[in-house]
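# Observations on the three-dimensional arrangement
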Amino acid sequence: MKIDIKNLSHTYDVEVLSDINFSLEDYTSVAIIGVSGSGKSTLIRMMSGLEKPTKGQISINGSDVNEPDYKKSVGFVFQNHNLFPHLTLKKNITLVLEKTRGYSKEEADKIAEKNLALLHLGDQGDKLPKNVSGGQAQRASIARALSIDPDVIFLDEPTSSLDPILTHDVLHAVEELRDIGKHFIFITHQISFVKDFANYIIFMHEGKIVEHGKPEILDNPQHDSFKHFMKKVR
Ligand code: ADP
Ligand code: MG
């Protein structure tokens, strides 16, 4: 995966991203870490095309993220599962495929079943989100993101609302997806997962990328803000 960020700034009432310049090539699973409020979610919302930056450009795999077609090539999984509560897990997936991708019902059913099975939810597709565990619902939203066959899947703290067992199930499922060649950009506070899963790490502090590199940087942080962060999460 190729990431190119040029002169990126974003302001809500105050500036939350501050002139970020960053390029990366050839990494498949990129973790973004940092304390709450450092701008991680804002950055991946911009990278996924969900929100437009105040200033600057982002391209992923050579496409400008503000081109209309770009959003079709990415999947996004939020902190909370974000499934439609009145639709079954399967219908949550087929709806997207039929309405936004123009698949027939039969095709959509097939894709939904395949991806639910991949996330170990083959027998849960007919249930409503409220009738499955939080981990299962979160895996269903990963299955939904996967169903559009995205080039990159963005995960924003996908396990922050889950207990440790459910967290393990979700992270394990994500690892299996990495092993079949899916690409991820993700935010998490689970440093052990970052160590196992990411092959590149971005540390953010106060709206800037302060340090980045291979997972080894976790063992030898250079900047004070990163040292401080690593002391707290260990
Ligand atoms: P992180 O994900 O690292 O916790 P965020 O990107 O969510 O950080 O937030 C960065 C800063 O931007 C925070 O100070 C937050 O309060 C602010 N912020 C985030 N989203 C909005 C918004 N929609 N409107 C106003 N301020 C926001
Ligand atoms: Mg966040």
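Now for a description of the structure that goes with this document. (Residues numbered from 1 in each chain as written. Chains lettered and ligands numbered in written order. Predicted model: local features only at pLDDT ≥ 70, side-chain atom pairs only at ≥ 80, totals over all residues. Heavy atoms only, no water.)

Core analysis: the largest hydrophobic core is formed by 44 residues, its most contacted members being Ile33 and Phe186. Not counting residues up to four positions away in its chain, the partners in contact with Ile33 are Lys40, Thr188, Ile191, Val194, Ile201, Ile202, Phe203, Met204, Leu218, Phe226 and Phe229. Within the second largest apolar cluster, 29 residues are counted, among which are Ile3, Tyr27, Val152 and Ile185. (Core = buried A, V, L, I, M, F, W, Y, C linked by side-chain atoms within 4.5 Å. Buried < 20%, exposed > 50% of the residue type's maximum accessible area, 1.4 Å probe, protein only. Contact = heavy atoms within 4.5 Å.)

So, on to the pairing of strand S9 (residues 200–205). Burial analysis of S9 places five of its six residues in the buried class, the great majority of the element. As defined by bridge partners, strand S3 (residues 29–33) adjoins S9 across four bridges and the pair is classed as parallel. Paired with Ile33 across the strands is Phe203, a residue of S9. With antiparallel pairing between neighbouring strands as the criterion, S9 and strand S10 (residues 208–213) make up a hairpin whose turn holds two residues, including Glu206 at a positive phi of roughly 50°. (Helix = DSSP H or I, 4+ residues; strand = E, 2+ residues; numbered from the N terminus. Pairing = 2+ DSSP bridges.)

Right, let's talk about the site of ligand 1 for a bit. Around ligand 1, the structure places Tyr12, Asp13, Val16, Val35, Ser36, Gly37, Ser38, Gly39, Lys40, Ser41 and Thr42. Between ligand 1 and Lys40, the relevant distance is 2.8 Å, taken from an oxygen atom to a side-chain nitrogen or oxygen of the residue. When ligand 1 is considered free in solution it has 560 Å² of accessible area, and contact with the protein chains removes 58% of it. Top element by residues in the shell around ligand 1 is helix H1 (residues 40–47). It accounts for three residues. Looking at side-chain class alone, the shell around ligand 1 contains three nonpolar, six polar and two charged residues. (Near = heavy atom within 4 Å. Polar contact = N/O pair within 3.5 Å; in protein donor to acceptor, adjacent residues only side chain to side chain. Areas by Shrake-Rupley, 256 points an atom, 1.4 Å probe, with all protein chains shown as cover. Nonpolar A, V, L, I, M, F, W, Y, C, P; charged D, E, K, R; others polar.)

Glancing now at the pattern of salt bridges. If charged atoms from side chains of opposite charge come close, those side chains can pair. Overall, the coordinates contain seven salt bridges when judged by the stated rule. Residue Glu113 pairs with Lys90 through a salt bridge whose shortest N-O separation is 2.7 Å. Of this pair, Glu113 sits in helix H3 (residues 105–118) while Lys90 sits in helix H2 (residues 89–101), placing them 23 residues apart in sequence. Take Lys90: its relative accessible area is 18%, and that puts it in the buried class. (Salt bridge = Lys/Arg side-chain N within 4 Å of Asp/Glu carboxyl O.)

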